[in-house]
Every structure is written in structure tokens, then in C-alpha cells.
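Okay, here's what each chain looks like letter by letter:
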Amino acid sequence: MAETDTLERTKTRRLQVANLAPGEGGMGFARLPVPVMQEMGLKEGDVIEIAGKRTTTARALRPYDADVALEIIRLDGLQRSNARVGSGDYVEVKKAVSKPATRVAFAPAQDNIRLQGSSEALKRSFAGRPIVEGDVVAAHGQQRVNTELPEHVRQLLNAPAFALQEVRLPIVATTPKGIVHIDAKTQVELLP
């Protein structure tokens with residue numbers, strides 16, 4: 001008689017990558033089909049793991065109205081780069097858990113550039129956003145918050161900005177490893 005497998009299996013879905021609207025880029029969101037979200041037990045704002053040639057993360061949002069019947073995941077350029085995929089490629093998506101980070105270290109994305117700034121401003125800019133060591137993220141000067149986003153998602157975006165223009169920052173180290181987020185207790189460093 002075969003033993004019963006009592007482990008809960010994490011549901012993964014293979015989805016084709018498409019571009020996110022430019023106004024929503026750099027905020028760490030991915031748009032997924034509603035049936036896929038329901039099948040995976042996802043609510044808007046839940047953390048997902050996106051596996052291409054590399055693994056990255058995002059918060060799930062409902063699809064655009066025009067995408068309702070499509071089996072796609074919409075990602076911005078940084079997310080596609082972080083996953084090492086392009087539009088038209090396929091990724092594996094699954095529900096994930098983000099742990100509070102005790103430490104996150106950022107660095108400038110370009111050589112010969114030295115950034116000076118408050119670690120508190122970085123903490124506010126990326127508070128609550130799921131991140132993975134090795135990802136590149138963007139700090140924006142003035143974030144435009146889409147009023148069609150759910151209220152709890154809009155609140156995630158209301159952090160003061162870090163810079164007057166987009167600044168790309170690689171995440172060079174996180175403690176613990178894996179998918180983490182910055183909270184009030186996280187030590188944030190900006191390395192030279």
C-alpha cells in the first residue's frame with residue numbers, strides 16, 4: 001500500500017512574460033491573470049517568486065482590463081533583467097513568503113559613482129518591498145501612485161523618495177538570504 005503524501009505542494013505556474021506599463025515600472029509589482037491568482041491562493045499585494053534563468057520576486061496585482069483572457073505575467077524591465085528573461089520568454093511563478101531582513105546592503109550600479117544618502121531614506125523608499133540579493137532596484141525621485149491600485153498597495157508606495165531622478169541600486173547582501181523585506185528594524189547600508 002502506498003504511503004499518503006501529506007506535504008502541501010506549492011503550486012507553480014508557467015507564464016509568458018510581457019511588459020508592464022511604463023508608469024508602473026520600478027515599484028516591484030507583477031500583473032497576473034485572476035484565475036492564476038485564485039488557483040495559487042494569491043491576493044493582491046501577496047509576494048510571489050519568479051524563476052527565469054535567475055530567481056527574483058514581486059508583489060502580485062490583478063491584470064489590466066485588456067489582459068483578462070491572457071495567460072501572461074507583466075513585469076517591468078528591471079524585473080525581467082533580474083530574472084534574466086525577456087518579453088515572450090516563460091517564467092515559473094509561485095506564492096512566496098518574505099522574511100523581515102535584519103540587514104540589507106545596496107551599492108551604486110555603475111563604476112566610478114559615489115552616492116551619498118541617508119540609509120533611513122533608502123529604508124523608507126523600499127519599506128515592505130520584497131527583494132532578493134543580486135536584484136537591481138530603482139529609487140525614484142517622485143513616485144506616481146496609480147489611484148486604481150488597491151488602498152493597501154498604494155500605502156506601500158507612499159514612502160518618501162530617495163533621489164530626484166531614478167537611481168539604480170544592486171542589492172549586494174541581505175541577512176537572512178532568500179526573499180526578504182525591509183522593515184523598521186532592518187539595518188540598511190549604502191556601500192561605495
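In this text the structure is predicted, and so the values were computed from the model without any measurement.

Engineer: What should I look at first to understand the overall build of the protein in this one?
Structural biologist: Tallying secondary structure elements over the protein gives 4 helices and 13 strands in all. Out of the 192 residues belonging to the protein, those deemed buried represent 46%. In the protein, the share of contacts with a sequence separation of at least 24, taken over all contacts with a separation of at least 6, comes to 81%.

Engineer: In this structure, what is going on with the pattern of salt bridges? I would like to understand it.
Structural biologist: Side chains that differ in sign of charge can pair as their charged atoms come close. Counted according to the given criterion, the structure contains 10 salt bridges. As a salt-bridge pair, Arg 54 and Asp 135 come within 2.7 Å of each other at their nearest N and O atoms. Taken as a pair, Arg 54 in the loop between strand 3 (47-51) and strand 4 (55-61) and Asp 135 in the loop between strand 9 (130-131) and strand 10 (136-139) lie far apart in primary sequence, 81 residues in all. No difference in accessibility class separates Arg 54 from Asp 135, as the two residues are buried. Between Asp 67 and Arg 74 there is a salt bridge, and its shortest N-O distance comes to 2.4 Å. As far as the burial class goes, Asp 67 and Arg 74 line up, both buried. Through salt bridges that share partners, Arg 13, Glu 39 and Glu 71 make up one connected network.

Engineer: Help me understand the sheet that holds strand 11 (residues 167-175) in this model?
Structural biologist: Backbone-to-backbone hydrogen bonds join strands into a sheet, with any given pair of strands oriented parallel or antiparallel. Sheet architecture is open: 4 strands sit in the order 10-11-8-13, paired in mixed fashion. Both edges of this open sheet fall to strand 10 and strand 13 (187-190), since each of them pairs with a single strand only. Sheet twist, expressed as the mean angle between neighbouring strand axes with direction ignored, is 35°. Bridge analysis of strand 8 (residues 103-106) against strand 11 gives 4 bridges, and the strand direction is antiparallel. Its bridge partner being in strand 11, Val 104 is matched across the sheet by Thr 174. Helix 3 (residues 119-126) contacts strand 8, strand 10, strand 11 and strand 13 of the sheet and is inclined by roughly 115° relative to strand 13.

Engineer: So what exactly am I meant to see when it comes to empty space enclosed by the protein here?
Structural biologist: Evaluated as defined, the whole model comprises 2 cavities of 30 Å³ or more. Approximately 70 Å³ is the volume attributed to the second largest cavity. In terms of lining residues, the second largest cavity is bounded by Gly 28, Thr 56, Thr 57, Leu 78, Gln 79, Asn 82, Arg 129, Pro 130, Ile 131, Asp 135, Val 136 and Val 137. Mapped by element, the contributors of at least two residues to the lining of the second largest cavity are strand 4, helix 2 (77-83), strand 9 and strand 10. With 3 residues, the top contributor of residues to the lining of the second largest cavity is helix 2. Its residues assigned to classes, the lining of the second largest cavity shows 5 nonpolar, 5 polar and 2 charged.

Engineer: Got a minute to help me understand the nonpolar core in this structure?
Structural biologist: What tends to happen in soluble globular proteins is that the nonpolar side chains get buried as a cluster. Counting residues in hydrophobic clusters, the biggest one holds 18 residues, and the most contacted among them are Leu 32, Ile 48, Ile 50, Ile 73 and Val 93. Within the residue set of this core, elements represented by two or more residues are strand 1 (12-19), helix 1 (34-40), strand 3, strand 4, strand 5 (72-75) and strand 6 (90-95). With 3 residues, the top contributor of residues to this core is helix 1. Non-local contacts of Leu 32, meaning those with residues more than four positions away in its chain, are made with Leu 15, Met 37, Leu 42, Ile 48, Ala 60, Leu 61, Arg 62, Pro 63, Ile 72, Ile 73 and Val 93.

Engineer: How should I be thinking about the confidence of the model for the protein in this particular structure?
Structural biologist: Regions with low pLDDT carry predicted coordinates that are not meant to be interpreted in detail. On average, residues of the protein score 84 in pLDDT, and 77% of them reach the 70 mark or higher. In the model of the protein, helix 4 (residues 151-157) stands out as the element of lowest mean pLDDT, 65, in contrast to strand 3, which has the highest, 98. The low-confidence segment residues 160-164 (pLDDT under 50) makes 18 contacts with residues lying over four places distant or belonging to another chain.

What counts, and at which threshold
- Residues numbered from 1 in each chain as written.
- Predicted model: local features only at pLDDT ≥ 70, side-chain atom pairs only at ≥ 80, totals over all residues.
- Heavy atoms only, no water.
- Helix = DSSP H or I, 4+ residues; strand = E, 2+ residues; numbered from the N terminus.
- Buried < 20%, exposed > 50% of the residue type's maximum accessible area, 1.4 Å probe, protein only.
- Contact = heavy atoms within 4.5 Å.
- Salt bridge = Lys/Arg side-chain N within 4 Å of Asp/Glu carboxyl O.
- Pairing = 2+ DSSP bridges.
- Axes fitted to C-alpha atoms, helices over the stretch in contact; angles between N-to-C directions.
- 1 Å grid on protein atoms, 1.4 Å probe; cavity = no way out; pocket = protein on both sides within 12 Å on 5 of 7 lines; lining within 4 Å.
- Points joined across faces, edges and corners; volume = space filled by probe spheres on them.
- Nonpolar A, V, L, I, M, F, W, Y, C, P; charged D, E, K, R; others polar.
- Core = buried A, V, L, I, M, F, W, Y, C linked by side-chain atoms within 4.5 Å.
- pLDDT = per-residue confidence, 0-100.

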